[in-house]
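Residues per chain, in single letters:
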Amino acid sequence: LNNQLSLYIVFTIGSLSDLLLKIEFSNDPTFAAANTVQETSSVISAGVSTDTNIVHKFTGTGNYRLSIPIKDRYIRVSANGEGTVTTSSLSITAIIGID
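The present account deals with the structure reproduced in this document. (Residues numbered from 1 in each chain as written. Predicted model: local features only at pLDDT ≥ 70, side-chain atom pairs only at ≥ 80, totals over all residues. Heavy atoms only, no water.)

### A look at the side chain of Asp28
Relative to the elements of secondary structure, Asp28 occurs in the loop between β2 (16-26) and β3 (36-38). Nearest to the buried, unbridged Asp28 among oppositely charged side chains is Arg73, at 9.6 Å. Looking at Asp28, its side chain comes within polar contact range of the side chain of Thr30, at 2.8 Å. Engagement of the side chain of Asp28 in a polar contact is seen with the side chain of Asn35, the distance being 3.0 Å. Leaving out residues up to four positions away in the same chain, Asp28 has contacts with Asn35 and Tyr74. (Helix = DSSP H or I, 4+ residues; strand = E, 2+ residues; numbered from the N terminus. Buried < 20%, exposed > 50% of the residue type's maximum accessible area, 1.4 Å probe, protein only. Lys, Arg positive; Asp, Glu negative; His and termini not counted. Salt bridge = Lys/Arg side-chain N within 4 Å of Asp/Glu carboxyl O. Polar contact = N/O pair within 3.5 Å; in protein donor to acceptor, adjacent residues only side chain to side chain. Contact = heavy atoms within 4.5 Å.)

### Regarding the pattern of salt bridges
Pairing is possible between side chains that carry opposite charge, provided their charged atoms lie close to one another. Inspection of the entire model under this criterion finds 3 salt bridges. Two residues, Asp18 and Lys57, come together in a salt bridge whose shortest N-O distance is 3.6 Å. In this pair, Asp18 is assigned in strand β2 and Lys57 in strand β6 (residues 56-58), connecting sequence segments 39 residues apart. Taking relative accessible area as the criterion, Lys57 reaches 54% and is therefore assigned exposed. Salt-bridge contacts for Lys22 lead to Glu24; the nearest nitrogen and oxygen are separated by 3.9 Å. One connected set of salt bridges, linked through shared partners, spans Lys22, Glu24 and Arg76.

### Some remarks on the pairing of strand β5 (residues 48-53)
In terms of strand pairing, strand β4 (residues 40-45) meets β5 through 6 bridges, oriented antiparallel. Across the sheet, residue Ser41 finds its bridge partner in β5, namely Thr52. In this antiparallel pair of consecutive strands, β4 and β5, the connection spans 2 residues, and Ala46 shows a positive phi of 55°. (Pairing = 2+ DSSP bridges.)

### Quick word on a nonpolar patch on the surface
Residues Val77, Leu90 and Ile92 make up a contiguous nonpolar surface patch of about 190 Å² in total accessible area. Along the chain, Leu90 falls in strand β9 (residues 89-97). When its relative accessible area of 37% is taken as the criterion, Leu90 is described as partly exposed. (Patch = residues over 30% accessible without salt bridge, like charges linked within 9 Å, V, L, I, M, F, W, Y side chains within 5 Å. Areas by Shrake-Rupley, 256 points an atom, 1.4 Å probe, with all protein chains shown as cover.)

Structure below.
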């Protein structure tokens, strides 16, 4: 079974201030809110794990790669540019495979 998602992100910032990328997971193809979870990150301090839903923020032009372990049937990647989109561009290629 595939257990790794790699996102190849090619971003030209143009007149945007930044790009926000959100990754959500579900076993429901409709992505009904009750059956959808967002990518989470943990920070551990004094033996306590604080978990937070995360959004990836890109503030400059570049080629980026995100690797995410998966066991989910459906994955949704959404992007939002903040600011004016003049001369901005975005390409995302998703590849799944075995780590």
